[in-house]
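# Residue-level structure breakdown
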Amino acid sequence: MSVEIRPIRAHEAEAFWGGLVECFHLDPGRQWIFQNEPYFDLNRKWGAWRDGQLVTILTTVPLTFGWGRAIGIAGVATRPEFRGQGLAEAMLRTVLAKAETDGEGPALLFAHETTVYRRVGFEVIDYAVRGTLIGCDMPPAQTFTGNQVREMYAAWSAEHPDRLVRDARRWQYWEWFTRTCEAVGPGYLCLEPPLVREALGIPPGLAAWPVPAGTDWLGLKSMTEQLGVPLLHQKQELMLMARGFDRPPQMFMTDQF
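Everything numeric here is computed off the predicted structure, so don't read it as measured data.

### Things to note about the pairing of strand β2 (residues 45–50)
Walk down a regular strand and you will see the side chains alternate between the two sheet faces. Most of β2 is tucked away: six of the six residues are buried. A two-sided burial pattern is seen for β2, the buried positions comprising Lys45, Gly47 and Trp49 on one face and Trp46, Ala48 and Arg50 on the other. As paired elements, strand β1 (residues 3–7) and β2 share five bridges and run antiparallel to each other. Paired with arginine 6 across the two strands is glycine 47, which belongs to β2. Pairing of β2 with strand β3 (residues 53–65), which is carried by six bridges, proceeds in the antiparallel orientation.

### Examining the nonpolar core
Soluble globular proteins tend to pack their nonpolar side chains together in the buried interior. Ranked by internal contacts, the top residues of the largest apolar core, which has 48 residues, are Leu108, Tyr188, Trp209 and Trp217. Of all hydrophobic cores here, the second largest spans 20 residues; its members include Ile71, Leu92, Ala107 and Val116.

### Concerning helix α3 (residues 87–101)
Look at α3: 21 Å from first C-alpha to last across 15 residues, which is about the 21 Å you get at 1.5 Å a residue. For α3, every residue scored as buried is listed here: Leu87, Ala88, Glu89, Met91, Leu92, Val95, Leu96 and Ala99. Count one or two residues on from α3 and you reach glycine 103, which has phi positive near 80°.

### Concerning the pairing of strand β10 (residues 216–220)
Of all five residues in β10, five are buried; the element is thus mostly enclosed. Inspection of the sheet shows strand β6 (residues 123–132) paired to β10 by five bridges, in the antiparallel sense. Bridge pairing in β10 links arginine 130 to leucine 218. With two bridges connecting them, strand β9 (residues 195–200) and β10 associate as parallel partners. What sits directly across from valine 196, in β10, is tryptophan 217.

### Thoughts on the sheet that holds strand β7 (residues 180–184)
Strand order across the open sheet formed by eleven strands is β1-β2-β3-β4-β5-β11-β6-β10-β9-β8-β7, with mixed pairing between neighbours. Whereas interior strands pair on both sides, the edge strands pair on one side only; in this sheet they are β1 and β7. The average angle at which neighbouring strand axes cross in this sheet is 25°, direction not considered. Note that strand β5 (residues 107–111) and strand β11 (residues 235–243) share five bridges and pair antiparallel. Residue pairing in the sheet places alanine 107 in a bridge with arginine 243 of β11.

### Some thoughts on the packing of aromatic side chains
Under the criterion given, the structure shown has 15 aromatic pairs. Look at tryptophan 171 and tryptophan 174: their rings are 5.2 Å apart centre to centre, the planes differ by 70°, and that puts the pair in the edge-to-face class. Taken as a pair, tryptophan 171 and tryptophan 174 lie in helix α6 (residues 168–174) at a separation of three residues, close to a single helical turn. No difference in accessibility class separates tryptophan 171 from tryptophan 174, as the two residues are buried. The rings of Tyr153, Trp156, Trp171, Trp174 and Phe252 are connected pair by pair, giving a single aromatic cluster. Arginine 6 extends its terminal NZ or CZ atom over the ring of tryptophan 49, reaching a point 4.0 Å from the ring centre. The ring centre of tryptophan 171 lies 4.8 Å from the NZ or CZ of arginine 166, which sits over that ring.

### Observations concerning the pattern of salt bridges
As enumerated under the stated definition, the model contains 21 salt bridges in all. We note a salt bridge from glutamate 104 to arginine 69, for which the minimum N-O separation is 3.2 Å. Linking glutamate 104 in the loop between α3 and β5 with arginine 69 in strand β4 (residues 68–78), this pair joins segments that are 35 residues apart in sequence. A residue is classified by how much of its surface remains accessible, and glutamate 104, at 5% relative accessible area, is buried. Here arginine 69 falls in the partly exposed class, since its relative accessible area comes to 41%. With its nearest N and O atoms 2.6 Å apart, the salt bridge here joins lysine 221 to glutamate 225. Here lysine 221 pairs with glutamate 225, and both are found in helix α7 (residues 221–227), just four residues apart, close to one helical turn.

### Considerations on a nonpolar patch on the surface
On the surface, Trp32, Trp176 and Phe177 cluster together into a nonpolar patch covering about 330 Å² of accessible area. Relative to the helices and strands, tryptophan 32 is located in helix α2 (residues 31–36). A relative accessible area of 54% means that tryptophan 32 is categorised as exposed.

### Digging into helix α5 (residues 146–157)
An ideal rise of 1.5 Å per residue puts 16 Å on twelve residues; α5 measures up with 16 Å between its terminal C-alpha atoms. If you check which residues of α5 are buried, you get Val149, Met152, Tyr153, Trp156 and Ser157. The buried residues of α5 occupy one face: seen down the axis, they fall within an arc of 130°. Pointing more than 90 degrees away from the buried face of α5 are the exposed residues Asn147 and Glu151. Against α6, β7, β8 (187–192), β9 and α7 lie the buried residues of α5.

About the criteria used
- Residues numbered from 1 in each chain as written.
- Predicted model: local features only at pLDDT ≥ 70, side-chain atom pairs only at ≥ 80, totals over all residues.
- Heavy atoms only, no water.
- Buried < 20%, exposed > 50% of the residue type's maximum accessible area, 1.4 Å probe, protein only.
- Helix = DSSP H or I, 4+ residues; strand = E, 2+ residues; numbered from the N terminus.
- Pairing = 2+ DSSP bridges.
- Core = buried A, V, L, I, M, F, W, Y, C linked by side-chain atoms within 4.5 Å.
- Expected span 1.5 Å × (residues − 1).
- Axes fitted to C-alpha atoms, helices over the stretch in contact; angles between N-to-C directions.
- Phe/Tyr/Trp six-rings, centres within 6.5 Å; stacked < 30°, edge-to-face > 60°.
- Lys NZ or Arg CZ within 6 Å of the ring centre and 35° of its normal.
- Salt bridge = Lys/Arg side-chain N within 4 Å of Asp/Glu carboxyl O.
- Patch = residues over 30% accessible without salt bridge, like charges linked within 9 Å, V, L, I, M, F, W, Y side chains within 5 Å.
- Areas by Shrake-Rupley, 256 points an atom, 1.4 Å probe, with all protein chains shown as cover.
- Arc of directions from axis to C-beta.
- Contact = heavy atoms within 4.5 Å.

Next comes the structure, spelled out in structure tokens:
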């Protein structure tokens, strides 16, 4: 049986969405979000067709760090009846080769299991961890505007080449979600109740952060340690796997792909 691997075409977007719904148990009624989010790009929605039927899918997302360009890989899935036939591995190899040609060869992905990704050169480089923040009552804090947050993030990002750079499109994606950034010392907490996925410039060593009781933190383990995030407990949620990286990137889970 023949297999064709390529980016999808406009008339195939609905079939791609159907694959996401089936494999990840998404709400079928949310298709409008799928096709309107800022990173929707037909050239980055990949499919594998077996005898004309779309059976395996994945999405790539452009990433830029101080040292250069890379990709994030997300939504890798094969329809249940076609699993175990090497289709995901074949598509990953094709996508990674295309990324090399396009000058964005290094790649990241979040995973629950490693087998197929190790076969194409990925290794675990970090972990996404989740835990309940130690909170404290504080007077109402200053809320930063979008432009203020952009300026603060740009200054932070420019300080180290391993930090993710946010271009206009990435900021558009960042603003796709409802968030409030409140001042803490010279930095800010990015609140998405009941979750915090970004905290920048907060003085290290604080025993508690000004968040409501029951607020969780979600971040890379390396960033959690770097920031000194005050947690009651933490657990591993996902593995961050990398190909072409020799150390963990510095990025927040607000940029999760």
